[in-house]
Amino acid sequence: MAKELNFKQELTACFGKPVAENPTQAMVEAAYRHHGLAWRYLTMEVDPSDLGDAVRGARAMGFAGFNCTIPHKVAVIQHLDGLGESAALMGAVNCVVRRGSKLIGENTDGKGFVTALRELTDPTGKRVVMFGAGGAARAIGVELALAGVTHITVVNRSAKRGEELVELLANKAKMATEFVPWRSDYRVPEGIDVFVNATSIGLYPDVDARLALDVSTLRPGMVVADVIPNPPRTRLVRDAQARGCQVIDGLGMLVNQGVIGVEYWTGVRPDANVMRRALEEVFG
Ligand SMILES: NC(=O)c1ccc[n+]([C@@H]2O[C@H](COP(=O)([O-])OP(=O)(O)OC[C@H]3O[C@@H](n4cnc5c(N)ncnc54)[C@H](OP(=O)(O)O)[C@@H]3O)[C@@H](O)[C@H]2O)c1
């Protein structure tokens with residue numbers, strides 16, 4: 001008997017510019033293969049002036065969704081039909097999901113971070129110090145507030161960005177928070193449960209870059225998280241391990257935001273270990 005043939009694959013993608021070095025395709029397609037899904041994830045360079053046409057094209061071709069990365073995370077919102085709660089709070093979208101005939105913008109970066117954190121500790125009632133006030137820091141800060149963290153101290157080089165983030169967390173996410181300008185080696189105060197580096201310091205090729213941080217104030221048992229995915233074993237990760245801290249590396253956040261995105265698109269909860277191994281192969 002002839003078997004049924006189907007050459008039509010479900011489509012997902014990443015829109016960004018530059019985007020060629022973004023490893024998400026390797027991670028997501030490893031999950032599709034592992035779970036026997038006839039799906040594709042395409043890495044697409046989209047110029048800002050073409051973003052509207054790209055989204056219309058994705059609609060016309062029935063994409064199940066797509067990730068947005070630099071420089072499209074804010075600009076994409078005007079082309080969508082609605083936003084999830086944390087994307088609306090942050091004003092930034094990294095994952096678009098087709099729900100019925102609508103394209104809905106979600107932000108999975110912070111959710112991925114919180115998933116990785118929950119593997120080590122319950123965020124409820126915790127006190128956090130976070131370096132950085134850019135896109136990653138906003139996503140993490142908002143999601144930590146929604147997860148029940150009690151207090152966040154934002155430490156950032158630019159006071160303007162730091163104060164904007166603190167205002168967002170206080171006014172929109174109703175979180176107790178303060179801004180500390182980042183001048184010299186920062187000493188993590190007593191009573192802090194979680195320390196996060198959400199700056200780009202340590203990202204390849206600047207792999208030996210040192211955070212202005214007094215690492216002797218990282219105490220054993222504290223959770224220390226770094227967002228830098230490449231290389232995963234940053235100087236901060238190594239210092240924190242040497243101090244007896246519990247560590248979340250940048251792959252933890254990257255993999256978990258990918259898990260959430262794949263589940264949004266396909267309805268299948270993918271195996272995080274398969275996705276992490278795919279990234280570890282990419283980063284050698
Ligand atoms: N693991 C993941 O899943 C994941 C997801 C998203 C992003 N990331 C990573 O997160 C990092 C930040 O991304 P982003 O989108 O937030 O970037 P961004 O919006 O450009 O923000 C960069 C942040 O780093 C700070 N910074 C950069 N260089 C600095 C320096 N030399 N000294 C002091 N502060 C410095 C900036 O401070 P100023 O405000 O003072 O400029 C700002 O707070 C990137 O490395 C990215 O790869 C990881």
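Residues numbered from 1 in each chain as written. Predicted model: local features only at pLDDT ≥ 70, side-chain atom pairs only at ≥ 80, totals over all residues. Heavy atoms only, no water.

This brings us to the environment of His 151. With respect to the element layout, His 151 can be found in strand 8 (residues 151-156). Between the alpha carbons of His 151 and Val 129 there is a distance of 8.5 Å; along the sequence they are 22 residues apart. Not counting the four nearest positions on each side in its chain, His 151 is found in contact with Lys 126, Arg 127, Val 128, Met 175, Ala 176, Thr 177 and Glu 178. (Helix = DSSP H or I, 4+ residues; strand = E, 2+ residues; numbered from the N terminus. Contact = heavy atoms within 4.5 Å.)

A few words on the packing of helix 1 (residues 24-34) against helix 9 (residues 272-282). As a packed pair, helix 1 and helix 9 sit with axes 8 Å apart at the nearest point and diverge in direction by 135 degrees. The angle between helix 1 and helix 9 falls in the class oblique. Of the two elements, helix 1 crosses helix 9, and the hand of that crossing is right-handed. In this structure, helix 1 contributes Ala 26, Met 27, Ala 30, Ala 31 and His 34 to the contact, and helix 9 contributes Val 274, Met 275, Ala 278, Leu 279 and Val 282. Its residues assigned to classes, the contact of helix 1 with helix 9 comprises 9 nonpolar, 1 polar and no charged. (Axes fitted to C-alpha atoms, helices over the stretch in contact; angles between N-to-C directions. Parallel < 35°, antiparallel > 145°, perpendicular 65-115°, else oblique. Left-handed = near helix turned anticlockwise from the far one by under 90°. Nonpolar A, V, L, I, M, F, W, Y, C, P; charged D, E, K, R; others polar.)

Right, let's get into the sheet that holds strand 10 (residues 194-197). Spatially, 6 strands are ordered 9-8-7-10-11-12 in an open sheet, and the strand pairing comes out parallel. With partners counted over all chains shown, the strands left at the sheet margins are strand 9 (176-181) and strand 12 (246-248), one partner each. The mean angle between the axes of side-by-side strands here comes to 15 degrees, regardless of whether they run parallel or antiparallel. Bridge count between strand 10 and strand 11 (residues 223-226): 4 bridges; the pairing is parallel. Its bridge partner being in strand 11, Phe 195 is matched across the sheet by Val 224. Strands strand 7 (127-131), strand 8 and strand 9 of the sheet are contacted by helix 6 (residues 159-171), whose axis makes an angle of about 175 degrees with strand 9. (Pairing = 2+ DSSP bridges.)

Turning our eyes to something else, we now look at the site of the ligand. What surrounds the ligand is a group of 22 residues, the closest being Ala 133, Ala 136, Asn 156, Ser 158 and Val 227. Ala 136 has a polar backbone atom sitting 2.8 Å from an oxygen atom of the ligand. A distance of 3.4 Å separates an oxygen atom of the ligand from a polar atom in the backbone of Ser 200. In isolation the ligand exposes 920 Å². Once the protein is present, 76% of that is buried. (Near = heavy atom within 4 Å. Polar contact = N/O pair within 3.5 Å; in protein donor to acceptor, adjacent residues only side chain to side chain. Areas by Shrake-Rupley, 256 points an atom, 1.4 Å probe, with all protein chains shown as cover.)

Here the focus is the nonpolar core. Ranked by size, the top nonpolar core spans 35 residues in total, and within it Phe 113, Met 130, Ile 140, Leu 144, Ile 152, Val 154 and Val 196 carry the most contacts. Among the secondary structure elements, those contributing two or more residues to this core are helix 3 (85-90), helix 4 (109-118), strand 7, helix 5 (135-146), strand 8, helix 6, strand 10 and strand 11. Per-element accounting of this core gives the leading share, 6 residues, to helix 5. In terms of nonpolar packing, the next biggest core, distinct from the first, is built from 19 residues, Tyr 32, Cys 95, Val 97 and Leu 251 among them. (Core = buried A, V, L, I, M, F, W, Y, C linked by side-chain atoms within 4.5 Å. Buried < 20%, exposed > 50% of the residue type's maximum accessible area, 1.4 Å probe, protein only.)

On to the state of the cysteines. Overall, the coordinates contain 0 disulfides when judged by the stated rule. In this structure Cys 68 is a free cysteine whose sulfur lies 7.6 Å from that of Cys 14, the closest cysteine sulfur available. Counting only cysteine sulfurs, Cys 68 is the nearest neighbor of Cys 95, a cysteine outside any disulfide, at a range of 8.8 Å. (Disulfide = S-S within 2.5 Å.)

Further remarks concern the pattern of salt bridges. Applying the stated rule across the entire model yields 14 salt bridges. Between Arg 276 and Asp 249 there is a salt bridge, with its nearest N and O atoms 2.7 Å apart. Of this pair, Arg 276 sits in helix 9 while Asp 249 sits in the loop between strand 12 and helix 8 (250-266), placing them 27 residues apart in sequence. Given the relative accessible area of 26%, Arg 276 is considered partly exposed. (Salt bridge = Lys/Arg side-chain N within 4 Å of Asp/Glu carboxyl O.)

Moving on to the packing of helix 8 against helix 9. In the contact formed by helix 8 and helix 9, the axes pass within 10 Å of each other and the chain directions differ by 130 degrees. In terms of orientation, helix 8 lies oblique with respect to helix 9. Where helix 8 crosses over helix 9, the handedness of that crossing is right-handed. Contacts from Leu 251, Gly 252, Leu 254, Val 255, Gly 258, Val 259 and Val 262 of helix 8 reach helix 9 at Ala 272, Met 275, Arg 276, Leu 279 and Glu 280. Of the residues belonging to the contact of helix 8 with helix 9, the class tally is 8 nonpolar, 2 polar and 2 charged.

Limitation: the analysis is restricted to geometry and does not speak to function.
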